[in-house]
Amino acid sequence: MLTVARKRAAKAGCALRLAGAHVEAPDVQTIRRQAPGGGRHGRLVTVWVNPVCSGSGVEGPDISEPLITAGPTELISGLFIVGGPLRRWSEPRCKPRPGEPGAGIVTVRDPASGVVVASQTVTTGHLATIPLAPGTYSIQGTFGDATINEHPAESFPKTVQILPGQTVRQDVFLDVP
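Residues numbered from 1 in each chain as written. Predicted model: local features only at pLDDT ≥ 70, side-chain atom pairs only at ≥ 80, totals over all residues. Heavy atoms only, no water.

Novice: Got a minute to help me understand helix H1 (residues 2-11) in this structure?
Specialist: Note on helix geometry: an α-helix contains 3.6 residues per turn, so any two residues three or four positions apart are oriented the same way. Within H1 the residues assigned to the buried category are Leu-2, Ala-5 and Ala-9. Angularly, the buried residues of H1 cover 55 degrees about the axis, an arc narrow enough to put them on a single face. Opposite the packed face of H1, turned more than 90 degrees from it, sit the exposed residues Lys-7, Arg-8, Ala-10 and Lys-11. Taken together, the buried residues of H1 touch strand E1 (15-20), strand E2 (31-36) and strand E3 (44-49). One or two residues past the end of H1 sits Gly-13, with phi positive at roughly 75 degrees. (Buried < 20%, exposed > 50% of the residue type's maximum accessible area, 1.4 Å probe, protein only. Helix = DSSP H or I, 4+ residues; strand = E, 2+ residues; numbered from the N terminus. Arc of directions from axis to C-beta. Contact = heavy atoms within 4.5 Å.)

Here you go:
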């Protein structure tokens, strides 16, 4: 962090010259690289500062969904809690880090009748892989890591279509303020 770099430079009798991003939060911002100055400037160190990034406390996966690929006729789905309080971090490119799928149950229903066609329990960090016949389904997640009014939290149903020879990745999300 920039604050630490300033303290170390002062202790070593060096001066810092800042380059790169504008300093907004020295306790958060990190340094991309540094180079000693030398020459007539004596003990001068140039540091290139990374920008301050901000975003939701928890992000979903880093893919565009539904993600359709050739393969077995099946659904691949994870449970993601997204949102939460604003967080700040520092890195060269302010790209949110993808979240990790949580534990719970992915349930697949026939959208016309509401009858459960399949369900699979998943643990934290894993995705459900559910073989299905081609068709249109409603998927929903029950989150083992979250409750609402003392009941397991559930996502809103999401409709997904699976054609023969397609593997469809469609995750379910629980949005938190």
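Novice: How should I be thinking about the packing of aromatic side chains in this particular structure?
Specialist: Each aromatic ring pair is specified by the distance between its two centres and by the angle formed by the two planes. In the structure shown here, the tally under the stated rule is one aromatic pair. Across from the ring centre of Trp-48, 3.8 Å away, lies the NZ or CZ of Arg-33, which sits over that ring. Above the plane of the ring of Trp-89 lies Arg-87, whose end atom (NZ or CZ) is 4.1 Å from the centre. (Phe/Tyr/Trp six-rings, centres within 6.5 Å; stacked < 30°, edge-to-face > 60°. Lys NZ or Arg CZ within 6 Å of the ring centre and 35° of its normal.)

Novice: Sorry if this is basic, but what is going on with the sheet that holds strand E6 (residues 74-77) here?
Specialist: Think of a sheet as strands paired side by side through backbone hydrogen bonds, with each pair either parallel or antiparallel. Pairing in this open sheet of four strands is mixed, and the strands run E5-E15-E6-E11 from one edge to the other. Every other strand in the sheet has two partners, leaving strand E5 (67-70) and strand E11 (128-131) as the edge strands with one partner each. Going across the sheet, the axis of each strand differs from the next one's by a mean of 20 degrees, ignoring polarity. Note: E5 against strand E15 (residues 166-169), four bridges, orientation antiparallel. (Pairing = 2+ DSSP bridges. Axes fitted to C-alpha atoms, helices over the stretch in contact; angles between N-to-C directions.)

Novice: Looking at this structure, how should I read unusual backbone geometry?
Specialist: Most peptide bonds take the trans form, and the phi angle of most residues other than glycine is negative. For the bond from Glu-65 to Pro-66, the omega torsion is 0 degrees, close enough to zero to count as cis. As for its position among the elements, Pro-66 is in the loop between strand E4 (52-55) and E5. Within the chain, Asn-149 stands out as a residue other than glycine whose phi angle is a positive 50 degrees. Locating Asn-149 in the fold gives a position in the loop between strand E12 (135-148) and strand E13 (151-154). For Asn-149, a relative accessible area of 67% puts it in the exposed group.

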